[in-house]
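# Structure assessment
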Amino acid sequence: MSASSVIFQANVSTVQSKTNSRFVVLDMLRGIAMLLMALDHAAYFSRSGIAAESYDCIKPELESWPHILSGILTNIATPIFYVLAGSSVAFFEASRRNRGWTEWQITRFLLVRAVVLFLLDALLVVGVYQSPPTLSVLSAVGVALVMLAFLRRLPVWVVTLVGFILIVVVFPTGLYLMAGIVQEMGLAEFSTQYPLLKLLFLQNTSVFPPVQYPILGWPPLGLVGYVFGRLLINRKITLSFKIGWLGVAGLGIWFILRLVRGYGNFLPYQSDWEPVYFIIQNKQPPSLVYILFYLSLALLILAALLRFQRLILPTVIGHILTVFGQTALFFYAAHLLIYGLIIPRILPSQTVFVGRGLIRCYLAFVLGILILYPLCIGYRKLKRTHPNSVLRFL
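What comes next is a walk through the structure. (Residues numbered from 1 in each chain as written. Predicted model: local features only at pLDDT ≥ 70, side-chain atom pairs only at ≥ 80, totals over all residues. Heavy atoms only, no water.)

## Re the overall build of the chain
Scanning the chain from terminus to terminus reveals 14 helices and 4 strands. For the chain, the C-alpha radius of gyration of 20 Å lies close to 21 Å, the compact-globule estimate for 394 residues. Based on the C-alpha atoms only, the size of the chain along its principal axes is roughly 55 × 50 × 40 Å. In the chain, buried positions account for 54% of the 394 residues. Look at the contacts in the chain between residues 6 or more apart in sequence, and 73% of them connect residues 24 or more apart. Of the roughly 17,700 Å² that the chain leaves accessible, carbon and sulfur atoms contribute 68%. Of the charged side chains in the chain, 30 are positive and 13 negative, and the gap between their average positions amounts to 19 Å. (Helix = DSSP H or I, 4+ residues; strand = E, 2+ residues; numbered from the N terminus. Rg over C-alpha atoms; globule rule 2.2 N^0.38 Å. Buried < 20%, exposed > 50% of the residue type's maximum accessible area, 1.4 Å probe, protein only. Contact = heavy atoms within 4.5 Å. Areas by Shrake-Rupley, 256 points an atom, 1.4 Å probe, with all protein chains shown as cover. Lys, Arg positive; Asp, Glu negative; His and termini not counted. Charge placed at Lys NZ, Arg CZ, Asp CG, Glu CD.)

## Considering the layout of surface pockets
Taken as a whole, the largest pocket spans an internal volume of roughly 1,000 Å³. Surrounding the largest pocket, 33 residues form its lining, Val224, Leu246, Leu292, Leu295 and Leu299 being those nearest its centre. Of all the secondary-structure elements, those providing two or more residues to the lining of the largest pocket are helix H3 (77–98), helix H6 (156–185), helix H9 (221–233), helix H10 (244–260) and helix H11 (288–312). Split into classes, the residues belonging to the lining of the largest pocket amount to 27 nonpolar, 5 polar and 1 charged. The computed volume of the second largest pocket comes to approximately 830 Å³. Lining the second largest pocket are 35 residues, with Asp40, His41, Tyr44, Tyr129 and Gln212 sitting closest to its centre. Looking at the lining of the second largest pocket, the elements with two or more residues in it are helix H1 (20–45), strand S3 (53–55), helix H2 (65–75), H3, helix H4 (103–129), strand S4 (281–284) and helix H13 (328–346). (1 Å grid on protein atoms, 1.4 Å probe; cavity = no way out; pocket = protein on both sides within 12 Å on 5 of 7 lines; lining within 4 Å. Points joined across faces, edges and corners; volume = space filled by probe spheres on them. Nonpolar A, V, L, I, M, F, W, Y, C, P; charged D, E, K, R; others polar.)

## A look at unusual backbone geometry
The linkage connecting Gln284 with the following residue, Pro285, adopts the cis geometry, with an omega of -5°. Backbone geometry at Gln130 places phi at a positive 50°, although glycine is not the residue there. Examined against the element boundaries, Gln130 turns out to sit in the loop between H4 and helix H5 (137–151). Residue class for Gln130 comes out exposed when judged on its relative accessible area of 62%.

## Notes on the packing of aromatic side chains
Applying the stated rule across the entire model yields 27 aromatic pairs. Both rings, one in Tyr269 and one in Phe278, keep their centres 5.4 Å apart while their planes meet at 75°; by these two values the pair is edge-to-face. Each member of the pair, Tyr269 as well as Phe278, is classed as buried. When the centroid spacing of 4.7 Å and the interplanar angle of 50° are considered together, the rings of Tyr290 and Tyr294 count as tilted. Residue Tyr290 and its partner Tyr294 are both found in helix H11; the two are separated by 4 residues, about one turn of the helix. (Phe/Tyr/Trp six-rings, centres within 6.5 Å; stacked < 30°, edge-to-face > 60°.)

Put into structure tokens, the structure is as follows:
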């Protein structure tokens, strides 16, 4: 089977035939991320509040525990999304080298794929959200592709160092340094005078160009995923349920950082806040503690999948996760159209669900999955029967 991401469905068996049966777990993990992303957008388009995070460092108003727990689950999707996009670059380049591609052919393909993502992102934002073209989810993945198109030629340790510096040092430090400047001159004037810095660090859709995912926010996680993929391919590490201990260690570091309330906390927890706010962290722009917390949870999920893979894979659930994981880019585009334009016309009006927004959210989610599942199966079959068509860029 293949280890695919929102970007690639690369055939891992051409890279590591003896272990490809272990890599299918990455498809299932990606499938989980797509399901959680669908739940998040089902909530958004059905106007059901399941927020369990903050934006622009502003303390949010929370709803009931079922809403909060749903929000925590959906927040796991984003780091998986970007990390596995980077991993798939590693799988893709290895498989293409085995086919005899030159390094320039691989780089050119990655750059073309990035352009396709930028264009598709713009179309989806305009068509679904009726907003101007914005640097949104797929554009941020495209930025990660551009980074990796060139950084992949460097030694793994160099890519690791660059990713660490961008995520742990450059992005949080840059935001701290600019906060005072933006406060003094205003965001609009700052964006006019320093457009590149705004694109690199700040999230704001009210000024031009609109930025939802700043370049140095989520895209560097693709470097983390790329290193992970390279280490798997080179057999420097193996996939084992013991990887869960990394998740436990990550949660330990996260807990200390939250207690200290300093570096990496864009929304530090205050002693007079309700205890639940200890796990409410800033998503946009992504804080270091947010990334660490949800990546750690993702590692625990991966460990569980590895532990019970033989039980899950033959089941309907295993098939659904694999299908969604192997058609992730199609799933992303299709799910926005379905939840944004179709489901709201199928569900009863909101007046029927007064006080039951979470029920409306999950009903919308299930209806969308019932539509997406056969669509993704059909798309996967179509792509496999036409491997050299334009679909290879999708």
